[in-house]
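An overview of the molecular structure
Now for the letters of each chain:
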Amino acid sequence: MHRFQLLLLLLILSTICQAQSDDLHGLWVIDLVTVGEDQMTPNARWTRFHADQTQESGNGRFQHSYGTWSLTSTSNELTIKNTNGIYDSADPFVVTFKGDQMIWRRTEEGQPVTVHLKRSNQLPETHGDRLLGLWELTEATGDGSYFGETDASIQSSYIFFRWDKRFVIQSQRGRINGVYNAHGHKSEVELIPYGEKLNRDFWRIDFEDNQLTLHLLNSE
């Protein structure tokens, strides 16, 4: 190969690599994750790639990982390393782009894994993000551990989900404090009250406009 042809080939490869890297830069939200035949999509998971080959990722408003990334020019293989995470021993992802969408593919423990991402201008919200704040009780069905049907007539009955993963409930039963865990994949929240009189329980979350409905699971 002549020297001119070699320089031209190197220039083309460099241009392709730069174009691929430019496509990767920015904020991406995960739309779908499949592992084999199962869907394993995390709630509001995102990752952001910077031009200096650093990256960070998180769920909703919470960033929990950071590190570096690299993308090969010939095979479109993406390697992501988290400085504060567990070492990823799987092969790099093979990346394809289509407009504002991106797909990652690789094999993990013998299972094919596919990740669908979409470019975004803002962070998504998790179920836990939407829970935050003060919710006034307007209706209660049944006589549960926290609220009864008569509590809805009392304006001071509420549940307050704090930013530090603690909750406060006020009702005719008095004041109940505890901690809560929003599920990472399902629209569910676990309430863990302090003290020995009340047990932890799990609730399905439903949002409609500015209204929150909690349904106690494994119960009539």
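Residues numbered from 1 in each chain as written. Predicted model: local features only at pLDDT ≥ 70, side-chain atom pairs only at ≥ 80, totals over all residues. Heavy atoms only, no water.

1. With respect to the overall build of the chain
Condition: Only DSSP runs of H or I reaching four residues or more are called helices, and only runs of E reaching two or more are called strands; each is numbered from the N terminus. The buried label goes to any residue with under 20% of its type's maximum accessible area, the exposed label to any with over 50%, and the partly exposed label to all in between, with areas taken from a 1.4 Å probe on protein chains only. Any two residues whose heavy atoms approach within 4.5 Å at even a single point are treated as in contact.
For the chain, the count of helices and strands is two helices and 16 strands. When each of the 220 residues of the chain is scored for burial, the buried share is 32%. The long-range fraction of contacts in the chain, counting pairs at least 24 apart against all pairs at least 6 apart in sequence, stands at 38%.

2. Digging into the sheet that holds strand E16 (residues 211–216)
Let me state the cut-off plainly: By the convention used here, strands pair only if DSSP detects at least 2 bridges between them. For helices, the fitted line uses only the C-alpha atoms of the stretch in contact; every axis is such a line through C-alpha atoms, and the angle between N-to-C directions lies from 0 to 180 degrees.
With respect to topology, seven strands assemble into an open sheet ordered E10-E11-E12-E13-E14-E15-E16, the strand pairing being antiparallel. Where the open sheet ends on each side, the last strands, each with one partner, are strand E10 (133–136) and E16. Looking at each pair of strands side by side, their axes are set apart by 30° on average, direction ignored. Relative to E16, strand E15 (residues 201–208) is paired through six bridges, and the arrangement is antiparallel. Its bridge partner lying in E16, isoleucine 205 is registered against leucine 214.

3. Focus on the side chain of glutamine 55
Put simply, the test is: Here a polar contact is recorded for every N or O atom pair within 3.5 Å, except that within protein the pair must consist of a potential hydrogen donor and a potential acceptor, and residues adjacent in sequence are included only if both atoms are side-chain atoms.
Mapped onto the elements, glutamine 55 comes out in strand E4 (residues 54–59). When its relative accessible area of 2% is taken as the criterion, glutamine 55 is described as buried. A polar contact is formed between the side chain of glutamine 55 and the backbone oxygen of lysine 81, at a distance of 3.1 Å. Discounting chain neighbours no more than four positions away, the residues touching glutamine 55 are Thr47, Arg48, Phe49, His50, Tyr66, Gly67, Thr68, Trp69, Ile80, Lys81 and Asn82.

4. Quick notes on the packing of aromatic side chains
The condition is simple: The rule is short: rings of Phe, Tyr and Trp, with Trp giving its six-membered ring, pair when the centres are within 6.5 Å, and they are stacked under 30 degrees, edge-to-face over 60, tilted in between.
Under the defined criterion, the tally for this structure stands at eight aromatic pairs. Ring geometry for tryptophan 135 versus phenylalanine 207: centroids 6.4 Å apart, planes at 50°, classification tilted. Of the two residues, tryptophan 135 is situated in strand E10 and phenylalanine 207 in strand E15; the sequence distance between them amounts to 72 residues. Ring geometry for tyrosine 146 against tryptophan 203: centres 6.2 Å apart, planes inclined by 35°, an arrangement best described as tilted. Here tryptophan 203 lies in strand E15 and tyrosine 146 lies in the loop between E10 and strand E11 (158–161), a separation of 57 residues in the sequence. Relative accessible area serves as the criterion here: at 3%, tyrosine 146 is assigned to the buried category.

5. Here's the deal with the pattern of salt bridges
Cut-off, in case you're wondering: Any Lys or Arg side-chain nitrogen found within 4 Å of a carboxyl oxygen on Asp or Glu counts as a salt bridge.
On inspection of all chains with the given rule, the structure shows eight salt bridges. Here glutamate 108 makes a salt bridge to arginine 106, at a shortest N to O gap of 2.7 Å. Take glutamate 108: its relative accessible area is 30%, and that puts it in the partly exposed class. For arginine 200, the salt bridge goes to glutamate 190, with nearest N and O atoms at 2.9 Å. Separated by 10 residues along the polypeptide, arginine 200 in the loop between strand E14 (188–193) and E15 and glutamate 190 in strand E14 bring together distant segments of the chain. Judged by its relative accessible area of 10%, glutamate 190 falls in the buried class. Here the salt bridges share partners, and the residues they tie into one network are Asp88, Arg106 and Glu108.

6. Quick look at the side chain of asparagine 43
With respect to the helices and strands, the residue asparagine 43 is situated in the loop between strand E2 (38–39) and strand E3 (45–49). Polar contacts involving the side chain of asparagine 43 include one to the main-chain amide nitrogen of histidine 127, which spans 2.8 Å. Those residues in contact with asparagine 43 that sit more than four places away from it in its chain are Asn59, Glu125, Thr126, His127, Gly184 and His185.

7. Describing the environment of aspartate 52
Structurally, the position occupied by aspartate 52 is in the loop between E3 and E4. As a C-alpha pair, aspartate 52 and tryptophan 69 span 17 residues in sequence and 9.1 Å in three-dimensional space. A polar contact is formed between the side chain of aspartate 52 and the side chain of threonine 54, at a distance of 2.6 Å.

8. A few points about the nonpolar core
Under the convention used in this document: Definition of nonpolar core: a set of buried residues of the types Ala, Val, Leu, Ile, Met, Phe, Trp, Tyr and Cys, connected through side-chain atoms within 4.5 Å.
Ranked by size, the top nonpolar core spans 17 residues in total, and within it Phe161 and Leu191 carry the most contacts. Every element with two or more residues in this core is listed here: E11, strand E12 (166–171), strand E13 (174–182), E14 and E15. With sequence-adjacent residues up to four places away left out, leucine 191 is seen in contact with Tyr146, Ile159, Phe161, Phe167, Val179, Tyr180, Arg200, Asp201 and Trp203. By size, the runner-up hydrophobic cluster in this structure holds 15 residues, among which are Trp28, Ile30, Val33 and Leu71.

Nothing here speaks to function; it is geometry throughout.
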